[in-house]
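So you can see what is in the structure, the chains are spelled out below.
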Amino acid sequence: MEWNFRRHLILHVLVKLEGDRTPGAVYHILTGKKSSQSIQDMKWYGLTEWYGAFPKLTMEMFQNDLTLFRQNGLLLPSADFIKVPDTAKEMDKDFWSVYIRPVLYNQWKYGAAAGVFWERLALLVQCLSFSLAGSGHFIPVTKEKAVLQWLKTIWPSGREAKIQLADTLHVELNSLLDSFKTEDAAILVNKLGGSAKTGLTYSQIAGALGREEEEIIYRFNGILHFIIEVLQQNSSSFPLLAGLLPSVESSIRLTKTAAETKRLLDKGWSFEKISRFRRFKTEYYRRSYH
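For every chain, the first residue of the written sequence is number 1, and numbering continues from 1 onward in sequence order. In keeping with the predicted nature of the model, local features appear solely for residues at pLDDT of at least 70, side-chain atom pairs appear and are counted solely at 80 or more, and the whole-chain, interface and lining totals rest on all residues. Hydrogens and waters are ignored; side-chain quantities use all the structure's heavy atoms.

A. Spatial organisation of the packing of aromatic side chains. Stacked, tilted and edge-to-face are the three classes applied to pairs of Phe, Tyr and Trp rings, where Trp contributes its six-membered ring and a pair requires centres within 6.5 Å; stacked means planes under 30 degrees apart, edge-to-face means over 60, and tilted covers the rest. A full pass over the atoms with the stated rule returns 17 aromatic pairs. Here Phe-5 and Phe-54 contribute two aromatic rings whose centre-to-centre distance is 6.1 Å and whose plane-to-plane angle is 85 degrees, an arrangement assigned as edge-to-face. Here Phe-5 is found in helix α1 (residues 5-16), whereas its partner Phe-54 is found in the loop between α3 (36-44) and α4 (59-71), with 49 residues between them in sequence. One aromatic cluster is present, formed by Phe-5, Trp-50, Phe-54, Phe-95, Trp-96, Tyr-99, Tyr-105 and Tyr-218 through successive ring pairs. In this scheme, Lys NZ or Arg CZ marks a charge over a ring once it lies within 6 Å of the ring centre and within 35 degrees of the ring normal. In this arrangement the basic side chain of Lys-191 is found over the ring face of Tyr-202, its NZ or CZ atom lying 3.9 Å from the centre. Above the face of the Phe-220 ring, Lys-191 is positioned so that its terminal group lies 5.9 Å from the ring centre. Helical segments are the DSSP runs of H or I of at least four residues, strand segments are the runs of E of at least two, and each set is numbered from the N terminus.

Shown next as structure tokens:
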């Protein structure tokens, strides 16, 4: 069996949910399903770090990985809940004891904000680069009208102001990147593009670093999550970059039921109390309206 980062992570979540959930729960957590059950599982089993790690993971790929696990004795046959042998647990423990994780990864909290922050940063870098190079002909890295409109509100009018803005951006980014390992800093830098170079794709970066594309996406998002946390806590030290931040209060749009679950969890309610509360509301509704 050929191992890759995705399979190691799937196995890790299988081990975490063993005996309590079906393999489908693993898929929902890793793809970031916005359901009440996925949110409860994520919180209860300490899987916030992995929520939404593989948003583009298809069910076909996931099922193929499960088949390989079963063929290699790492996932035991079960009609109901996940069952894994001790060898799988040891393999999982060995991998994560040496794997160097990103400084921070929290798709649950920073996912949506990271997307907007990145589009603003990439567009600002691109536009400054082409403008200072004397070229106004290029295809913007994003077509999002809200992001393009945002840039207009901060865009300087004169060349000297643009140079100053570029210098400030360079200083703040360098200061932040000093917090990262060389490889992670390279991922962010290579994603940025301008007049002298085009930003690389995840696949191109993966090839250059000898990693897998899914792992590069995971680490790239972790970089953005850490940057957002730093900017929130030290906005005065990074005034320009902090100005690129959108609201982080509601990072992920949830269903009505999932949002209610999150609200109660944030208040400190246990899952048992939430379940009893839900059953009471359901029975009350049935008695009153049916």
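Once you've had a look at it, read on.
B. Geometry of the layout of surface pockets. A pocket, in this scheme, is an open set of points on a 1 Å grid over the protein atoms alone with protein on both sides within 12 Å along at least 5 of 7 lines, while a cavity is a set where a 1.4 Å probe fits but cannot get out; residues line either one if an atom lies within 4 Å of a point. Grid points are joined across faces, edges and corners, and a volume is the space filled by probe spheres set on the points. Within this model, the largest pocket holds a volume of roughly 610 Å³. Taken together, 30 residues form the lining of the largest pocket, with Pro-55, Lys-56, Gln-107, Ile-217 and Asn-221 sitting closest to its centre. Broken down by element, the residue count for the lining of the largest pocket peaks at eight residues, all from helix α11 (residues 213-233). In the scheme used here, Gly and all other residues not listed as nonpolar or charged are polar, with Ala, Val, Leu, Ile, Met, Phe, Trp, Tyr, Cys and Pro taken as nonpolar and Asp, Glu, Lys and Arg as charged. For the lining of the largest pocket, the class distribution of residues is 15 nonpolar, nine polar and six charged. In this model, the second largest pocket occupies a volume close to 420 Å³. Around the second largest pocket, the lining is made up of 18 residues, and of these Val-125, His-170, Leu-173, Val-189 and Leu-192 lie nearest the centre. Looking at the lining of the second largest pocket element by element, the count peaks at six residues for helix α8 (residues 159-177).

C. Structural detail: the nonpolar core. With 42 residues, the main nonpolar core has Phe-117, Leu-121, Leu-169 and Leu-241 as its most contacted residues. Only α6 (107-132), α7 (145-154), α8, α9 (182-191), α10 (202-209), α11 and α12 (239-242) provide two or more residues apiece to this core. Residue contributions to this core peak at twelve residues, all from α6. The contact partners of Leu-241, leaving out residues within four places of it in the chain, are Phe-117, Leu-121, Leu-169, Glu-172, Leu-173, Leu-176 and Leu-231. With 32 residues, the next largest nonpolar core counts Phe-5, Leu-30, Ala-53 and Ile-82 among its residues. Definition used in this section: a nonpolar core is a set of buried Ala, Val, Leu, Ile, Met, Phe, Trp, Tyr and Cys residues joined via side-chain atoms within 4.5 Å. Only protein chains enter the area calculation, which uses a 1.4 Å probe; residues under 20% of their type maximum are buried, those over 50% are exposed, and those in between are partly exposed. Working rule for contacts: check all heavy atoms of both residues, and any pair within 4.5 Å makes them a contact.

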